[in-house]
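Chain by chain, the residues:
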Number of protein chains: 2
Amino acid sequence: MPKIDLEAIEQSNSTGYPPPFAAAVGGRWVRRLGRHSGLADFGVSHVVLKPGAASSQRHWHEDEDEFVVLLSGEAVLVENEGRTSMRAGDMAAFPKGEPNGHHLVNESEDDCAFLAFGRVPTGDAHYPDIDLRWSGGAYRRKDGSAF
Amino acid sequence: MPKIDLEAIEQSNSTGYPPPFAAAVGGRWVRRLGRHSGLADFGVSHVVLKPGAASSQRHWHEDEDEFVVLLSGEAVLVENEGRTSMRAGDMAAFPKGEPNGHHLVNESEDDCAFLAFGRVPTGDAHYPDIDLRWSGGAYRRKDGSAF
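Residues numbered from 1 in each chain as written. Chains lettered and ligands numbered in written order. Predicted model: local features only at pLDDT ≥ 70, side-chain atom pairs only at ≥ 80, totals over all residues. Heavy atoms only, no water.

> Just to check I follow, could you spell out the overall build of chain A for this structure?
Broken down by element type, chain A carries one helix and 12 strands. Start at the N end of chain A and walk to the C end: the helices and strands fall as β-α-β-β-β-β-β-β-β-β-β-β-β. Since a compact globule built from 147 residues should have a radius of gyration of about 15 Å, the 15 Å found for chain A is in line with a globular shape. Seen along its three principal axes, the alpha-carbon backbone of chain A occupies a region of about 45 × 35 × 25 Å. When the accessible surface of chain A is summed, it comes to about 6,800 Å², and 48% of that surface belongs to carbon and sulfur atoms. Across chain A, the centroid of the 15 positively charged side chains sits 4 Å from that of the 22 negatively charged ones. (Helix = DSSP H or I, 4+ residues; strand = E, 2+ residues; numbered from the N terminus. Rg over C-alpha atoms; globule rule 2.2 N^0.38 Å. Areas by Shrake-Rupley, 256 points an atom, 1.4 Å probe, with all protein chains shown as cover. Lys, Arg positive; Asp, Glu negative; His and termini not counted. Charge placed at Lys NZ, Arg CZ, Asp CG, Glu CD.)

Below you can see the structure in the form of C-alpha cells.
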C-alpha cells in the first residue's frame with residue numbers, strides 16, 4: 001500500500017547534538033518516512049514540533065539541499081534575512097552551499113507538523129549562532145575539538 | 001528568501017505524452033519549485049489538478065523513487081491494489097523498481113494540489129494500462145517503435 005500510515009511508523013526525539021544544544025530539539029518528534037517506505041534517492045522526515053521546540057539548531061549544509069512543507073499548525077522560519085511565519089501549505093527551499101543558517105521554531109501553543117526532504121550529506125554543516133560544527137561525521141566545536 | 005512564493009513561479013500544462021495519451025493530463029498545471037529554488041539533489045513539483053485531470057498516465061519507474069503529499073482538495077490514488085482517497089496531509093511513496101503502476105486522479109469538482117518529489121530517471125518507465133513505454137529518453141510503443 002503506497003499511502004503512508006503515519007501511526008504505523010516509529011517516532012523518535014533522539015538527537016546527536018551534544019548538551020547543551022540538545023534541549024532545543026527535545027520536543028522534536030521525527031518519523032523517517034522515506035526509509036520506512038523503501039526510498040533511497042532522498043530522505044523524507046515527518047516532524048512534529050511541540051510548543052517551544054525547534055527543528056534543529058540554526059544551520060546550513062555545504063552539500064545537502066533541503067526542502068520543507070508545513071502540514072499543520074504554525075512555525076517561524078528563522079534565517080539570515082529575518083523571521084517568516086509558516087502555515088499549512090507553506091514551503092521553503094535551502095540550496096546546499098548557501099551560507100544562510102535556518103531552522104523552524106514552534107512559538108505557538110499547539111503542535112505543528114512539517115515534512116523535510118534531503119539527502120545524507122558528507123560535507124560539513126555550519127551553525128552560525130553556537131560553538132558547533134558538523135565535520136568528518138561528528139559534532140565538534142568550531143576549533144575542531146571534540147565534545 | 002527561502003520561503004516559496006508560488007505566484008512568482010511559472011505554471012505549465014505541457015506534456016511529452018504522444019496523443020491520445022496527452023488528454024488525461026491537459027488539466028495538470030505544474031510548477032518546478034526545486035529548479036526555481038536552485039535545488040539539484042532532487043526535484044520538487046507543485047501540481048494543480050483541475051477536475052477530471054490525472055497526475056500522469058498510470059506508470060512505474062525502474063530507477064526513480066517518488067513521493068507525493070496532498071496540499072489541498074482531494075484526489076484518488078489508483079494503483080495495483082485499488083483506489084485510495086487522498087486528502088490534504090495524506091502522503092504516498094513509490095519506491096523505484098516496484099512494478100506498481102500509480103497515478104492521482106481528481107474526480108472531485110474542485111481543484112486539488114499536491115507536491116511530487118523525485119530525481120530525473122535514466123531507466124525505463126512502464127505504463128501497464130496503455131501501449132506506451134519511456135525508454136532511451138523517448139516515449140515509444142511497447143514494441144519499441146516510435147510514435
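> Would you mind showing me how to read the sheet that holds strand β12 (residues 138-140) of chain A here?
Strands pair in a sheet through their backbones, by hydrogen bonds, and they do so in one of two ways: parallel or antiparallel. Residues and elements named next belong to chain A. Strand order in the open sheet formed by four strands is β3-β10-β11-β12, and the pairing between neighbours is antiparallel. In the strand order of this sheet, the two ends are held by β3 (60-61) and β12, each with one partner. The pairing of strand β10 (residues 125-126) with strand β11 (residues 133-135) spans two bridges and is classified as antiparallel. Bridging from a neighbouring strand, histidine 126 pairs with arginine 133 of β11. (Pairing = 2+ DSSP bridges.)

> Looking at this structure, I do not really get the UniProt feature "domain: Cupin type-2" (unreviewed entry) in chain A. What am I missing?
Mapped onto this structure's residue numbering, the UniProt feature "domain: Cupin type-2" (unreviewed entry) falls at residues 46-116 of chain A. For residues 46-116 of chain A, helix accounts for 0% and strand for 52%, while the C-alpha atoms at its two ends are 7 Å apart. (UniProt positions renumbered as here; feature names shortened; annotations may be inferred.)

> Looking at this model, I keep getting lost on the packing of aromatic side chains. Mind explaining?
Each pair of aromatic rings is reported with the distance of its centres and the angle of its planes. Following the criterion strictly, the structure yields 16 aromatic pairs over all chains and no others. Centre to centre, the rings of tyrosine 127 of chain A and tyrosine 139 of chain A are 6.3 Å apart; their planes meet at 65°, and the pair counts as edge-to-face. Here tyrosine 127 of chain A is found in the loop between β10 and β11, whereas its partner tyrosine 139 of chain A is found in strand β12, with 12 residues between them in sequence. Judged by relative accessible area, which is 4%, tyrosine 127 of chain A ranks as buried. With relative accessibility at 23%, the residue tyrosine 139 of chain A sits in the partly exposed group. On the basis of an interplanar angle of 65° and a centroid distance of 5.3 Å, the ring pair of tyrosine 17 of chain B and tyrosine 139 of chain B is categorised as edge-to-face. Taken together, the residues span a long stretch of sequence, with tyrosine 17 of chain B in the segment before β1 (28-32) and tyrosine 139 of chain B in strand β12 (residues 138-140) at a distance of 122 residues. Taken together, the aromatic side chains of Tyr17, Tyr127, Trp134 and Tyr139 of chain A make up a single cluster linked through ring pairs. (Phe/Tyr/Trp six-rings, centres within 6.5 Å; stacked < 30°, edge-to-face > 60°. Buried < 20%, exposed > 50% of the residue type's maximum accessible area, 1.4 Å probe, protein only.)

> Teacher, can you tell me more about the nonpolar core here?
It is characteristic of soluble globular proteins that their nonpolar side chains tend to be buried jointly. Within the largest apolar cluster, 31 residues are counted, with the highest numbers of intra-cluster contacts made by Leu33, Phe67, Leu115 and Phe117 of chain A together with Phe67, Leu115 and Phe117 of chain B. Other than its neighbours up to four places away in sequence, phenylalanine 117 of chain A contacts Phe42, Gly43, Val44, Asp65, Glu66, Phe67 and Val69 of chain A together with Phe42, Phe67 and Phe117 of chain B. (Core = buried A, V, L, I, M, F, W, Y, C linked by side-chain atoms within 4.5 Å. Contact = heavy atoms within 4.5 Å.)

> Please clarify how unusual backbone geometry should be interpreted in this entry.
Glycine aside, the phi torsion of most residues is negative, and most peptide linkages are trans. In the segment running from proline 19 of chain A into proline 20 of chain A, the intervening peptide bond is cis, with an omega of 10°. Of note, proline 20 of chain A is situated in the segment before β1 (28-32).

> Explain the pairing of strand β5 (residues 74-79) of chain A to me, please; I cannot follow it from the model alone.
The two faces of a sheet get side chains in turn, since along a regular strand they alternate between them. Residues and elements named next belong to chain A. For β5, a buried count of five out of six residues is recorded, marking the element as mostly surrounded by other parts of the structure. Examined bridge by bridge, β5 and strand β6 (residues 82-87) share six bridges and lie antiparallel to one another. The partner of valine 76 across the bridge, within β6, is serine 85. Between β5 and β6, which pair antiparallel one after the other, the connecting turn spans two residues. The sheet contact formed by β5 and strand β8 (residues 103-105) spans three bridges and is antiparallel. When the bridges of β8 are listed, valine 78 appears paired with histidine 103.

> Even after reading the chapter, I still don't get the interface of chain A and chain B, so can you show me in this structure?
Think of interface size as the accessible area that goes away when the parts come together; that is how it is often given. Contacts between the two partners involve 39 residues from chain A, matched on the other side by 39 residues from chain B. Across the interface of chain A and chain B, roughly 3,100 Å² is buried in total on both sides, 69% from carbon and sulfur atoms. Between aspartate 41 of chain B and lysine 96 of chain A there is a salt bridge, with its nearest N and O atoms 2.4 Å apart. Elements with a minimum of two residues in the side of chain A that touches chain B: α1 (33-37), β2 (43-49), β4 (66-72), β5, β6, β7 (91-94) and β9 (112-118) of chain A. Residues of the side of chain A that touches chain B, tallied by class, amount to 21 nonpolar, seven polar and 11 charged. (Buried area = accessible area lost by both parts, 1.4 Å probe. Salt bridge = Lys/Arg side-chain N within 4 Å of Asp/Glu carboxyl O. Nonpolar A, V, L, I, M, F, W, Y, C, P; charged D, E, K, R; others polar.)

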